[in-house]
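# Breakdown of the fold
Residues per chain, in single letters:
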Amino acid sequence: MALNKTPPSGVGGLFIMNYILSKIEQKGALFSLIFLGSFILHFFLPWWICTLVAFLAAFWQAKSGKQAFAVGGVAIGLLWGLTASFWHFASQGILSNKVAGMLGLPNGGLLTAILALIAGLVGGNAALSGYLVKSLFKK
Amino acid sequence: MKIIKTILSLTITGLIIYFLQNGAGAVPALGKFLNPFTGFWTNSEIGSKEKDGSALVRNINIPGCTDEVTIKYDENGVPHIFANNNHDLYFAQGWVTAKDRLWQMEFQTHFAAGRISEIVGVKGLESDQYQRRMGAVYGAENSLAGMLETPENTVTLAAYSEGVNAYINQLSESTLPFEYKLLGYKPEPWTPIKSALFLKNMSFVLASGSDELLMTNIARKYGKEAAEELFPNYPNLESPIIPVDTPLDFKPIPLPKYDDSFLGTGSKDVPAEQDKALGSNNWAVAGSLSFTGLPILSNDPHLTLSLPSIWYQCQLTAPGVNVYGSTMPGTPNVIIGFNEKVAWGVTNVGGDVLDWYEVRFKDATKEEYFHDNQWKKVTKRIEAIKIKGLPDKIDTVLYTHHGPVVYLENQKPFKNNVPVGHALKWVAHEKSQELSAFYKLNRAQNYDQYVEALSYYSAPAQNFIFASNQNDIALWVNGKFPLKARQQGKYILDGTSKSADWQGYIPAAHNPHVKNPARGYVSSANQSSVDPKYPYYINWEFAHTERGRRINDRLAKMTLANVDSFRNMQNDNYNLRANDILPSLLLKIGTPSPKLAAAIAILTKWNLQNNPNEIAPTIFDEWFKNLGFAIWKDELDIDKNHPMRYPQADQLVEFVKNKPISKWYDDISTKDKIETLQENLVSSLSATIDSLTAKKGLMGPAWAWADWKSTSVKHLLGANNPALDKFSRLNIQMGGGGGGIVNATTARTGPSWRMIVQLDKNHPKAYGIFPGGQSGNPGSNLYDNMIDKWAKGELNELLYLQNGNEASSRIKKVIKFSK
């Protein structure tokens, strides 16, 4: 399994993107389900709908706990991180920098990164839970 | 094992979700707030790209208008509304105001109505109780009843509310204004009572000050004679608003008789207080003194500055009206502005329109009180205050015929100048017609129509300045003033005596006024309305005289006045107080010690301008303040439970200049020593140097005036909350100073709107700016875009369109409401 390989040690964006892309290729179905499903539902439903999507998608498609956590985390982290980045960069941080200050952070860019991490944690845990619950029924 | 793992994973997931959904402790519910799809992010405004300079036109279908409405936004985000009838005009005004300022207008009216606890929980309760107990809602209800007596106000208020509600109904989760997302609540429908609450709140801001309790405490401690020596009834140096010897054009009615021997009980038990240095100015010159041969008018009302900005600019055009100016979010019409023919502006009148009456209750049940030799029934008003997360607080407020007994014994007042067990008589509680006044002013074509409009105005009293293209200039000290004996209400009044009651009001036509004075100019700067010969009593004390004197000095020398000379005057940093007192201070301090010599040298060289980089104004301002402490503190600030006050600044000037010996110079806390004036001067300057050195380091550029004064414009929620500093503008580099300088800017107050109008036979030219921006959204470029220009003392040319067809390259966006 691809997940058994260690991820590239460089923190450069290119490596991360390559890594993510390779994951998407391999785990395309699970990733797309979580990423696109959450994306669409986020326009109508409360923020936590993404956890439900990750849970159900992993319940249905995930092959292992590690995979569920990784793909769920990357999908939701990426979804929130990219969307927040869009607002942050397109508006030149006009509001994100102020909110970052309010939360004790130096700028909106860091807020975006931390938000992506938190979203990833939420998505990863939700997907892991989905896989684990399913595995209870398996044996 | 699997089960444990599963449970663990579910629990962790659940906990994270719960925390993000509900928050914990001081951390708000972050999930919803940070959600990049509907959370705060979506309030970030992304600059729209203009194509070849032509404005973006958007048609929207909003139910409620009877005809087509066009709204053109200029580059500063000022809406220019073109409607075909009054209903649609005020509908559109409500809509555009809500679009830019919904949260602010609702928050401020919630504050006015004593409903902050609904939003912020129990920490808002004391403020809410104060608002309710002072009769804010009671006054607004009376006021609304008055407004709804005329059909035009009924239409205006209803249409404005419909417009606000049309905008509220358009909102989605993602377009909800930022602060609602931050605080986690939603707007409720707008109603006309909210507009009334907003107008009434202006009386709280401008006309709720009262010194009766403090004055009574002083008289109790030192006797009335001493109190009168320290607190005279007319300034030593003054240039009153209505020029001395202006002939009366009415036959005055006699003043009522009042027995002033009553000395109230004063304080029973109370805590600490705050200081204000507001300083509004307005002036106008006749054509004889202007470059154009027609009048020019200037106005800069000063308030506690905040973001979103206090004012909202708007042009309102419909058949019978084409007016431009500053509006107050929450109320229809333009408040300060101009039309094709006239311009007007306001400064506050420090009239005594609020009195405290000591009440004698029959017994502990407080069902009856004694008045006019009989026991009278107390009426009760129930105030139910909703508190977020807690059950409602039910407050019963007792009312005598005077008004509410604001606090009873054993209740702690929210402000230390409110006496417990006293009834409040306040003009702001009465039925009133302010809305008619502004409606008519917006449409006024000449002096007579301006005077007619003013007759509808009651509170808070304002110095309404006026200029017309018929070459008239005028100023009315206008509002509803109680008919009182001289100095009645300087001290607490006897609530049992009929003769202490207000005996009606000064007739509107007898309010102080002047039209086309021989000197060729009119002005006001909150100083004494009239000289003591005026046949009515307005108040015993007004704001510092320096600004008014300085403005009149400059106007008296002015010829060929133009917009730029007026702008220069708005930014006048001359310290007239220093001019009045500094030579005496430097003379009477004697030979300075080495410690003081450097400071003395700087003060001696100073050109008396409070410019941003000077350090002399910092030293002078602190010295003057510390000198006040040195002389007055030992006698007038001795017991937190019996608050007193200091004499006004001009009394300190008078003492230093003309009273070499006085018992007040002695520090009564030193037992075997009698201090002299000189010792007070030395100790206060020494204390000044010590405290400045302690805070800013050794004397040098770090003591610069702008940094010391540190003018800030703070978000409404950020006044005492440094976490919101990024939503505020801190330490703005600018000159000026307290209430004694024309360019009056302090740490938190300053010119909230500056306007200059050059009247014209065809089309007026006008300039204006306020410290902030048109948008209330902190995610917009128009949130604070005007602050830097404002700080430099510059103005924007105001775009005043003749009609809906006039093209302008400054129009960037057009919205059309279809029928």
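Residues numbered from 1 in each chain as written. Chains lettered and ligands numbered in written order. Predicted model: local features only at pLDDT ≥ 70, side-chain atom pairs only at ≥ 80, totals over all residues.

## Section: the overall build of chain A
Keep this limit in mind: Secondary structure elements follow DSSP: runs of H or I of four or more residues count as helices, runs of E of two or more count as strands, with numbering from the N terminus. Each residue is classified by how many other C-beta atoms fall within 10 Å of its C-beta atom, where C-beta atoms are placed from the backbone; a count of 20 or more means buried, 12 or fewer means exposed, and values in between mean partly exposed. What counts as a contact is two residues whose backbone-derived C-beta atoms lie within 7 Å of each other.
Of regular secondary structure, chain A possesses 6 helices and 0 strands. The helix and strand sequence of chain A, counted from the amino end, reads α-α-α-α-α-α. Burial analysis of chain A (139 residues in total) assigns 47% to the buried set. For chain A, the share of sequence-separated contacts (at least 6 apart) that also reach a separation of at least 24 residues comes to 69%.

## Focus on the overall build of chain B
Secondary structure assignment for chain B yields 22 helices and 29 strands. With the principal axes as the frame, chain B shows a C-alpha extent of 85 × 80 × 65 Å. Taking the intrachain contacts of chain B between residues at least 6 apart in sequence as the baseline, contacts between residues at least 24 apart amount to 72%.

## Some details on the interface of chain A and chain B
The line we're drawing: Note on residue categories: nonpolar means Ala, Val, Leu, Ile, Met, Phe, Trp, Tyr, Cys or Pro, charged means Asp, Glu, Lys or Arg, and polar means any other residue, Gly included.
Chain A puts 31 residues into the contact, and the matching count from chain B is 31 residues. Going through the elements one at a time, helix 4 (65–90), helix 5 (96–102) and helix 6 (108–138) of chain A are the ones with two or more residues in the side of chain A that touches chain B. Of the residues in the side of chain A that touches chain B, the class split is 20 nonpolar, 10 polar and 1 charged.

## Some words on the pairing of strand 14 (residues 374–377) of chain B
Residues and elements named next belong to chain B. Formally: When DSSP finds at least two bridges between two strands, those strands are taken to pair.
Taken together, the 4 bridges between strand 13 (residues 368–371) and strand 14 define a ladder with antiparallel strand orientation. The residue bridging Tyr 369 from the neighbouring strand is Lys 376, located in strand 14. The loop that links strand 13 with its antiparallel partner strand 14 comprises 2 residues; one of these, Asp 372, has a positive phi angle of about 55 degrees.

## With respect to the sheet that holds strand 7 (residues 306–307) of chain B
Residues and elements named next belong to chain B. An order of 7-23-24 is seen for the 3 strands of this open sheet, with the pairing classed as mixed. Two strands lie at the open edges of the sheet, namely strand 7 and strand 24 (729–732), each paired on one side alone. Two strands pair when backbone bridges link them, and strand 7 and strand 23 (residues 711–715) are joined in this way by 2 bridges, in the parallel orientation. Each residue of the ladder has a partner; that of Ser 306, found in strand 23, is Lys 714.

## A word on the nonpolar core
Short version of the rule: In this description, a nonpolar core means buried residues of the types Ala, Val, Leu, Ile, Met, Phe, Trp, Tyr and Cys, linked to one another by C-beta atoms lying within 7 Å.
One finds Ile 34 and Ala 127 of chain A to be the most contacted residues of the largest nonpolar core, which totals 244 residues. Other than its neighbours up to four places away in sequence, Ala 127 of chain A contacts Ile 34, Ala 54, Phe 55, Ala 57, Ala 58, Ala 62, Ala 68, Phe 69, Val 71 and Gly 72 of chain A.

## Side note on the sheet that holds strand 22 (residues 521–524) of chain B
Residue and element names in this part refer to chain B. Read across the sheet, 6 strands follow the order 22-4-5-26-27-28 without closing on themselves; strand pairing throughout is antiparallel. Each end of this open sheet is capped by a strand with a single partner; those strands are strand 22 and strand 28 (796–797). Here 5 bridges tie strand 4 (residues 281–285) to strand 5 (residues 296–300), and the two strands are oriented antiparallel to one another. Residue pairing in the sheet places Trp 283 in a bridge with Ser 298 of strand 5.

## Section: helix 18 (residues 616–636) of chain B
All names here are of chain B. For clarity, the cut-off: The span expected for a helix works out to 1.5 Å for each residue beyond the first. Given a residue, its bend is the angle between the two axes fitted to the seven residues that end at it and to the seven that start from it.
The terminal C-alpha atoms of helix 18 lie 28 Å apart, and with 21 residues this matches the ideal 30 Å at 1.5 Å per residue to within 8%. Within helix 18, the axis deviates most sharply at Ala 630, by approximately 40 degrees. Here helix 18 lies mainly inside the structure; 15 of its 21 residues are buried.

## Here we look at the packing of helix 3 (residues 49–61) of chain A against helix 6 of chain A
All names here are of chain A. Cut-off, in case you're wondering: Here the axes come from fitting lines to C-alpha atoms, over the contacting stretch only for helices, and the angles between their N-to-C directions go from 0 to 180 degrees. Whether a crossing is left-handed or right-handed is set by the direction in which the near helix is turned from the far one by less than a right angle, anticlockwise for left-handed and clockwise for right-handed.
Interaxial distance between helix 3 and helix 6 falls to 7 Å at its minimum, and their mutual angle equals 35 degrees. Once helix 3 is placed against helix 6, the crossing between them reads as right-handed. Seen from helix 3, the contacting residues are Cys 50, Thr 51, Ala 54, Phe 55, Leu 56, Ala 57, Ala 58 and Phe 59; seen from helix 6, they are Val 122, Gly 123, Ala 126, Ala 127, Ser 129, Gly 130, Tyr 131, Val 133 and Lys 134.

## Here we look at the environment of Asn 721 of chain B
Take Asn 721 of chain B: it is sitting in the loop between strand 23 and strand 24. With 13 C-beta atoms packed within 10 Å, Asn 721 of chain B lands in the partly exposed category.

## Section: unusual backbone geometry
Most peptide bonds take the trans form, and the phi angle of most residues other than glycine is negative. Residues and elements named next belong to chain B. Along the chain, Leu 307 connects to Pro 308 via a cis peptide bond; the corresponding omega equals -10 degrees. Mapped onto the fold, Pro 308 is located in the loop between strand 7 and strand 8 (312–318). Look at the link from Ala 459 to Pro 460: it is a cis peptide, with omega at -10 degrees. The residue Pro 460 is located in the loop between helix 13 (447–454) and strand 18 (462–468) in this model. Despite not being glycine, Asn 731 shows a phi value in the positive range, around 45 degrees. Looking at Asn 731, the number of C-beta atoms within 10 Å reads 12, which means it is exposed.

## Some thoughts on the confidence of the model for chain B
All names here are of chain B. Counted only if it meets this: Known as pLDDT, the predictor's confidence for each residue is given on a scale from 0 to 100.
Chain-level pLDDT for chain B is 91 on average; 97% of the residues reach the 70-or-more range. At the level of individual helices and strands, chain B shows its lowest average pLDDT in strand 1 (residues 56–61), which scores 84, and its highest in strand 8, which scores 98. Note that residues 269–276 has pLDDT below 50 and, in this model, 13 contacts with residues that lie over four places away or in other chains. Across the predicted assembly, pTM comes out at 0.92 and ipTM at 0.88.

## A look at the packing of helix 2 (residues 28–42) of chain A against helix 3 of chain A
All names here are of chain A. Let me state the cut-off plainly: Any angle from 65 to 115 degrees is called roughly perpendicular, while one under 35 is roughly parallel, one over 145 is roughly antiparallel, and all others are oblique.
Remark: helix 2 packs on helix 3, axes separated minimally by 9 Å, with the N-to-C direction vectors making an angle of 155 degrees. The orientation of helix 2 with respect to helix 3, classified from their angle, is roughly antiparallel. As for how helix 2 packs across helix 3, the hand of that crossing is right-handed. Across the interface between the two elements, Ala 29, Leu 30, Leu 33, Ile 34, Gly 37, Ser 38, Leu 41 and His 42 of helix 2 pack against Ile 49, Cys 50, Val 53, Ala 54, Ala 57 and Gln 61 of helix 3. Residue classes in the contact of helix 2 with helix 3 are distributed as 10 nonpolar, 4 polar and no charged.

## Focus on the environment of Glu 430 of chain B
All names here are of chain B. Tracing the chain through its elements places Glu 430 in the loop between strand 17 (422–426) and helix 12 (434–443). Given 16 C-beta atoms within 10 Å, Glu 430 falls into the partly exposed group. In this view, Glu 430 contacts Asn 142 and Ser 458; residues no more than four positions away in its chain are not counted.

## Here we look at the confidence of the model for chain A
All names here are of chain A. Per-residue pLDDT for chain A averages 82, and the proportion of residues at 70 or more is 80%. Of all the helices and strands in chain A, helix 1 (residues 13–26) carries the lowest mean pLDDT, 59, while helix 5 carries the highest, 94. When the criterion is pLDDT under 50, residues 1–11 qualifies, and its contacts beyond four places in sequence or with other chains add up to 10 contacts.

## A short note on helix 1 (residues 2–22) of chain B
Residues and elements named next belong to chain B. Rule in force here: What the arc measures is the spread of directions leading from the helix axis to the C-beta atoms.
Compared with the 30 Å implied by 1.5 Å per residue over 21 residues, the 30 Å span of helix 1 between its first and last C-alpha is a close match. Within helix 1, the full set of buried residues consists of Ser 9, Thr 13 and Leu 20. Each buried residue of helix 1 sits inside an arc of 30 degrees when the element is viewed along its axis, so together they form one side. Away from the buried face of helix 1 by more than 90 degrees, exposed residues Ile 3, Ile 4, Thr 11 and Leu 15 are located.

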